[in-house]
Amino acid sequence: RCSTVNLVVPLRGEGPGNMQIRVMQWNVLAHGLANDGFLVSQPNEEGASILDRARSVQVLGQTMKQRAKKSGEKIRLKDLPEEMKTWDPPPFDFAQRLKSNFQEILQEEQRYLQEITDLPKRCAMITARVQAEQPDIITFQEYDMFETLNPLLEAAGYSAGSDQGSYQELAQRVKDLGIQLKKGGGGSPKDFAQKYRELLEEYAAKGLCVCPNFNSTARRFNPDGFDDGVAIYWKTSTLKSREPPDVWTYDMTGDAPAIRVKLQHNSGSPLDVMTLHLPSSPGKELRRQLNLWQLHELLGGALADGPPLILAVDLNSDAHLQPPLGQDAKVQVIAEDGSSEKVEFQLDQPLRHTCFQLLQSGTGTGTGTGSRRPYSHPADVKAAKSMANCDFPHWGLKNAWGTEDRIPLSVVKMRGPASEQVQKWGELTLETTDHVFCSPHFKVAQCGTGYRHYNHQDKQDLMRRFKDPQAPNQEELCELLKGLIPSSTIPSDHMCVLATFQLSPRDEAVEVQGYAPEEMEEDFLLGDRVLIKAAKEEPKAWEGTVRFIGITDFATGEWLGVELDIKAGKNDGSVHGKRYFQCEDKYGLFLHPSAVQKFKASSPRDIALEKAKVQEALALAMEDHDIETIRRVLPAAESLGIDPKEIHFARQIVDSVASYDLQGEVKGLCSSLLKLRRTLENIEASSSGRPGATQGTSYQELERRLLSESLPKVLEHFMQGAQSPCKAGKAGAAGSQTDVPQANRQKPAGIASASTAPAPSEGSVKQKFRKNLMAGLKDGSLETVVKSIPDTGQ
C-alpha cells in the first residue's frame, strides 16, 4: 500500500516550462530489525483467522507482562515453553494451538517471517515499487541496506550523491566509532558525538546523501551489519545536485542525523528536500519535541525563506496523539563533564501540542510559561527542566494530508510469538507517523492511502472492538488486519507515501538564493467545506468536503473531488478503476470548480456570536437530555471549536439515551411476543388435547406475524442508528440534519462519511436478529435475545 499526496502551486499560466516532481517517503524497515517477530498474514489467510491469531497473541502477551511485573524479572522468548505450561488460554483457536504445541507454532511463525524479510527479496520489492511509481525523489529512513539496494536503484536511474562509493567507508568508520564507545575508550559521549558529526560533514562535503545513525539499535540486533540511517535519492534524468547537502546531528546525545539536499530541476528551478527520523515510543514525546526545537535552531528558523522545501519524515509520533501529554519526563542528557546520564523531572505544565502540530503553522506558543531561547544540549536536570518548560517554536509548514482529523494510517503492525520482545507481544499499532510537510509555497491537492481515513475516535473504537470479541462490526477488524505489515507484498512495517507537486513558470524563475513568490490567488484547498449548487430536481444545495484537486484521466481540465455528507454521489473516489481519493460508495462526486461554492468566511465577531449561540443551545439540550437537539447542534459545535470535552459529554448523553430507548423498545417487543407465544400454545393445546403437538405451525404463524408487523418497525429504528449521527462527527461540518434533502437521507449529515467500513446490509441484520429472536422464543430465554442485539452505534 502506498500513500498518495499531490502538492500543487497554483499555475499562473500554461506552457512546457511547468515542473512536476514526485516524491516517495518511506521507512523501509532496517534489515537489523526486520526479523523482529512481526505477526504476518499468510497467503490466502482469511481475516477471521488473522483476528483470532492477533487476539490470542494479545492475551498471551498481557499474561507474560503481568508475570514479569509480579516476579520483577524480564521474560525472554526462550522462557516461553516453560511459562506456557501454566497458561490458561482464552477460547480462541490459535491460543489453544499455542498452548498445546508452542514450539511447532513458533518455528512456523519464524520460518514464514524469514521468507518475507529476506533482504534481497525485500530490496527487489522496494525497487519494483520505485519502478512502478517512478518518483523523482526518494527519502528513506531505517536505511541499512545500501550495499544491496543501491545497485538496484542506480540501475533504475537514481543517485544518492556524487561519491556513493564512499558510503561503505563512512559506514565502517561510524560502526567502529560505536564499538569504541561501547568498550569505554577514546573519550566521553560528548567527544564521540563530536567525532560522529565531523564524519558526516566530511562525507557530505563529498556529495554523499546517506547518513548512518551512531550506535544504532539496528546494528545492536545485527552486529555484522552497518548502522541504519536516512538517505535521499533523486532521478538523474530530471534532477541534479546544485551543491553538497547540509547535515546535522541532533537528539539528546547527538547520535541521530538529519539531511537536506539542494537540488535543481532540468528547467532550472531550485528545490530543497529534507528528511529525518525521530525517536520511537509514545513516552518519548518530550524528547521528540526537544529534537524539533534543536533542528529548528540549526536550520535558522526561517524555513519559508529560500527555495521551496519538502520535509518527508517518520515522526514516530502519531498524528492523533492527544495532548495534554504527561508531565512526568525522562530524557538522556550529556552533562558538563561530557558524560551521559538519564534524568527525570516533572514539567510545570503538560505538553499542549504534538510533534505533528509543531511542524505546522503557528504563533510559536508552546508548552510552558517561560520565554523562548535558543536550544542547546541540557547540561543537568535543572537545565533540562527549564528548557522543557519553554515555548516550543512552530516550523510554519503545512501537512500534506490537508487536515489534522481524518487521515490514513501509515503503520498497522503487531509483534507475534516469534518476537524476542515478549513485552510487546500483541500490541496492535494503528498510527500515522509518516508524513510529508511543505513550505507555504505549495498547495495540497490530494492525499490518500490503501487504508481508509481515521481520526482519533475511530482508532479508539477500533482498539475497543479488537479487545472485545463481542463488539459489533468485527468484519472491519478482519479486513484491517489482513493488511498487517510487513507482508509478502509490503517489504516494510511502514507504508510508503507518494507526493506529487508542481511549480509554475513564474516560480521556476526565482533565484536560488531566495524565494519570494507573490500572494497566491484564493483557491480551493484540500479539506475545504463546500456547497454543491443545487440540481433542478433538488430543493437545496448539497454539502461536502474537498478531497481531490487536479487533473484526471477521465476528462480534460481541473476537477474537484468532493466527499458528500449524504449518499447522493456517483462513486467512491475512483473512476474507471483509478483512485483519486477514498470515501464510501455513492458519497464521491467530481465537479468543475464552477459548480462548487466555498462556505463564506464570517467575521470574528459573527463567529464568536454563533459560537456562543451554539454553545448555549448545546448546554440546554444536554441539561434536558434532548438528544434530537444535541444531534442537530453537534456538527456546528465541532466546526466552531467548542471544547472537545463538552462535545464528548454530549455524545455520551446521546449514546446513553438512545441505547436505553432502543433496548426498552426491544424488551417491550419481546414481552409482547412472549405473551403471543403462550397464547398460541394454549389455544393449540386446548384444541388438540396434546400440548405442543402443533408447535411447528404455531411458530410459523408467529414468524409470519413477527416479520410482517412489529419487527420491521424495530429494524427500521435499528438501521437508522440511534447513536450514529453523533459518532465521529466530521470536523468542520456545517449545517444540521434538517438541511439535508429528504430524498437523500440514507446518511444523516455530520456522520464521518469516510467511515472505517460500510455498515452491514439490512438483510444480514434482519437475518441475525430473526435467528436470535426465534431461538429465544423457542427456549423461553428472551433475555438472551435482548443481550445479543449488536451495539446500537452500528
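Q: What's the story with the sheet that holds strand E8 (residues 256-265) in this structure? I'm lost.
A: Strands pair in a sheet through their backbones, by hydrogen bonds, and they do so in one of two ways: parallel or antiparallel. Strand order in this open sheet of six strands is E7-E8-E9-E10-E17-E13, and the pairing throughout is mixed. The open sheet terminates on both sides in strands that have one partner only, identified here as strand E7 (239-250) and strand E13 (398-399). Alignment of E8 against strand E9 (residues 270-277), held across six bridges, turns out to be antiparallel. Of the residues in E9, the one forming a bridge with Ile-259 is Thr-275. Each of E7 and E8 touches helix H9 (residues 189-204); the most contacted strand, E7, lies at about 175° to it. Lying over the sheet, helix H11 (residues 285-298) contacts E7, E8 and E9, oriented at roughly 130° with respect to E7.

Q: Just to check I follow, could you spell out the packing of aromatic side chains for this structure?
A: The geometry of two aromatic rings is summed up by the distance between their centres and the angle between their planes. This structure, assessed with the given rule, holds 13 aromatic pairs. On the basis of an interplanar angle of 70° and a centroid distance of 5.9 Å, the ring pair of Phe-140 and Tyr-233 is categorised as edge-to-face. One end of the pair, Phe-140, is in strand E3 (residues 137-141); the other, Tyr-233, is in strand E6 (residues 229-235), with 93 residues separating them in the sequence. Tyr-233 matches Phe-140 in its accessibility class, with the two residues each being buried. Measuring from ring centre to ring centre gives 5.5 Å for Tyr-580 and Phe-590, while their planes differ by 75°; the resulting arrangement is edge-to-face. Here the residue Tyr-580 occupies a position in the loop between strand E25 (578-579) and strand E26 (588-591), and Phe-590 occupies one in strand E26, the gap between them amounting to ten residues. You can call Phe-590 buried: its relative accessible area is 11%. Taken together through their ring pairs, the aromatic side chains of Phe-140, Tyr-143, Phe-146, Tyr-167, Phe-226 and Tyr-233 make up a single cluster. The lysine or arginine in question, Arg-53, covers the ring of Phe-94, its NZ or CZ lying 5.7 Å from the ring centre.

Q: Just to check I follow, could you spell out unusual backbone geometry for this structure?
A: Only a minority of non-glycine residues have a phi that is not negative, and only a minority of peptide bonds are not trans. Cis geometry is found at the peptide bond from Ile-485 to Pro-486, where omega equals 0°. Of note, Pro-486 is situated in the loop between helix H15 (474-481) and strand E20 (496-503). Located in the positive-phi region is Asn-473, a residue other than glycine, with phi close to 55°. Along the chain, the position of Asn-473 falls in the loop between helix H14 (456-467) and H15. Relative accessible area serves as the criterion here: at 13%, Asn-473 is assigned to the buried category.

Q: I'm lost on the environment of Asp-655 in this one. Help?
A: Along the chain, Asp-655 falls in helix H19 (residues 644-688). Distance from Asp-655 to Ile-627, taken between C-alpha atoms, is 8.9 Å for residues 28 residues apart in sequence.

Q: What's the story with the nonpolar core in this structure? I'm lost.
A: Nonpolar side chains in soluble globular proteins generally cluster together in the buried interior. Grouped together as the largest cluster of nonpolar side chains are 58 residues, with contacts concentrated most on Ile-137, Phe-140, Tyr-143 and Tyr-233. In this structure, Trp-248, Tyr-250, Leu-359 and Trp-395 belong to the second largest nonpolar core, which totals 23 residues.

Q: Mind showing me how you'd approach the side chain of Thr-545 here?
A: The topology assignment puts Thr-545 in strand E22 (residues 542-551). At 2.9 Å, the side chain of Thr-545 forms a polar contact with the side chain of Arg-529.

Q: Any chance you could explain the environment of Leu-271 here in plain terms?
A: Relative to the elements of secondary structure, Leu-271 occurs in strand E9. C-alpha separation for the pair Leu-271 and Leu-309, spaced 38 residues apart in sequence, amounts to 6.4 Å. Setting aside anything within four residues of it in sequence, one finds Leu-271 in contact with Ile-21, Ile-137, Arg-242, Val-261, Lys-262, Leu-263, Pro-307, Pro-308, Ile-310, Phe-442 and Phe-501.

Q: Mind showing me how you'd approach the environment of Glu-610 here?
A: Relative to the helices and strands, Glu-610 resides in helix H17 (residues 604-624). The exposure class assigned to Glu-610 is partly exposed, which follows from its relative accessible area of 36%. A C-alpha to C-alpha distance of 8.2 Å links Glu-610 and Leu-640, two positions 30 residues apart in sequence.

Q: How do you make sense of helix H18 (residues 627-639) when you look at a structure like this?
A: Note: α-helices contain 3.6 residues per turn, so residues at a spacing of three or four share the same orientation. Over its 13 residues, H18 extends 19 Å from the first C-alpha to the last, a length consistent with the 18 Å expected when each residue adds 1.5 Å. At Val-633, H18 shows its largest kink, close to 40°, and the proline Pro-635 lies no more than four residues downstream. Taken together, the buried positions of H18 are occupied by Ile-627, Thr-629, Ile-630, Arg-631, Val-633, Leu-634, Pro-635, Ala-636, Ala-637 and Glu-638. Taken from the residues just after H18, Gly-641 is the one with a positive phi, measuring 75°.

Q: Sorry, what's going on with the pattern of salt bridges here?
A: Throughout the structure, instances matching the rule amount to 27 salt bridges. Asp-318 is the salt-bridge partner of Lys-459, the closest N and O atoms lying 2.8 Å from each other. Of this pair, Lys-459 sits in helix H14 while Asp-318 sits in the loop between strand E10 (309-314) and strand E11 (328-334), placing them 141 residues apart in sequence. Between Asp-565 and Arg-529 there is a salt bridge, and its shortest N-O distance comes to 2.7 Å.

Q: What is the right way to read the pairing of E3 from this model?
A: Side chains on a regular strand alternate between the two faces of the sheet. Of all five residues in E3, five are buried, a share of seventy percent or more. Covered by surrounding structure in E3 are Ile-137, Thr-139 and Gln-141 together with Ile-138 and Phe-140, the residues of both alternating faces. Pairing analysis gives four bridges linking E3 to E6, with the strands arranged antiparallel. Residue pairing for E6: Ile-138 is matched across the bridge by Tyr-233.

Q: I keep staring at the confidence of the model for the protein chain and nothing clicks. Help me out?
A: Per-residue pLDDT for the protein chain has a mean of 75; in total, 68% of the residues score no lower than 70. Here residues 504-522 is modelled with pLDDT under 50, and outside its nearest four sequence neighbours on either side it reaches 39 contacts, counting other chains as well. Within the model, the stretch residues 718-762 combines pLDDT values under 50 with 127 contacts to residues more than four positions away or in other chains.

Q: How should the pairing of E8 be read in this particular structure?
A: Most of E8 is tucked away: nine of the ten residues are buried. Summarising the sheet, E7 and E8 pair through nine bridges and their orientation is antiparallel. Looking across to E8, one finds that Tyr-250 is bridged to Ala-256. In textbook terms, the turn of a hairpin is the stretch between consecutive antiparallel strands, and for E7 and E8 this stretch comprises five residues, one of which, Asp-251, has a positive phi near 85°.

Q: Would you take a moment to explain the packing of helix H8 (residues 167-183) against H9 for this structure?
A: The description of two packed helices rests on the angle between their axes and on the distance between the axes. Where H8 contacts H9, the axes come no closer than 11 Å and their chain directions differ by 180°. Between H8 and H9, the angle falls in the class roughly antiparallel. Contacts between H8 and H9 involve Glu-169, Leu-170, Arg-173, Val-174, Leu-177, Gln-180 and Leu-181 from the former and Pro-189, Phe-192, Lys-195, Tyr-196, Leu-199, Leu-200, Glu-202 and Tyr-203 from the latter. Its residues assigned to classes, the contact of H8 with H9 shows ten nonpolar, one polar and four charged.

Cut-off values and rules
- Residues numbered from 1 in each chain as written.
- Predicted model: local features only at pLDDT ≥ 70, side-chain atom pairs only at ≥ 80, totals over all residues.
- Heavy atoms only, no water.
- Pairing = 2+ DSSP bridges.
- Helix = DSSP H or I, 4+ residues; strand = E, 2+ residues; numbered from the N terminus.
- Contact = heavy atoms within 4.5 Å.
- Axes fitted to C-alpha atoms, helices over the stretch in contact; angles between N-to-C directions.
- Phe/Tyr/Trp six-rings, centres within 6.5 Å; stacked < 30°, edge-to-face > 60°.
- Buried < 20%, exposed > 50% of the residue type's maximum accessible area, 1.4 Å probe, protein only.
- Lys NZ or Arg CZ within 6 Å of the ring centre and 35° of its normal.
- Core = buried A, V, L, I, M, F, W, Y, C linked by side-chain atoms within 4.5 Å.
- Polar contact = N/O pair within 3.5 Å; in protein donor to acceptor, adjacent residues only side chain to side chain.
- Expected span 1.5 Å × (residues − 1).
- Bend = angle between axes of the 7 residues up to and from the residue.
- Salt bridge = Lys/Arg side-chain N within 4 Å of Asp/Glu carboxyl O.
- pLDDT = per-residue confidence, 0-100.
- Parallel < 35°, antiparallel > 145°, perpendicular 65-115°, else oblique.
- Nonpolar A, V, L, I, M, F, W, Y, C, P; charged D, E, K, R; others polar.

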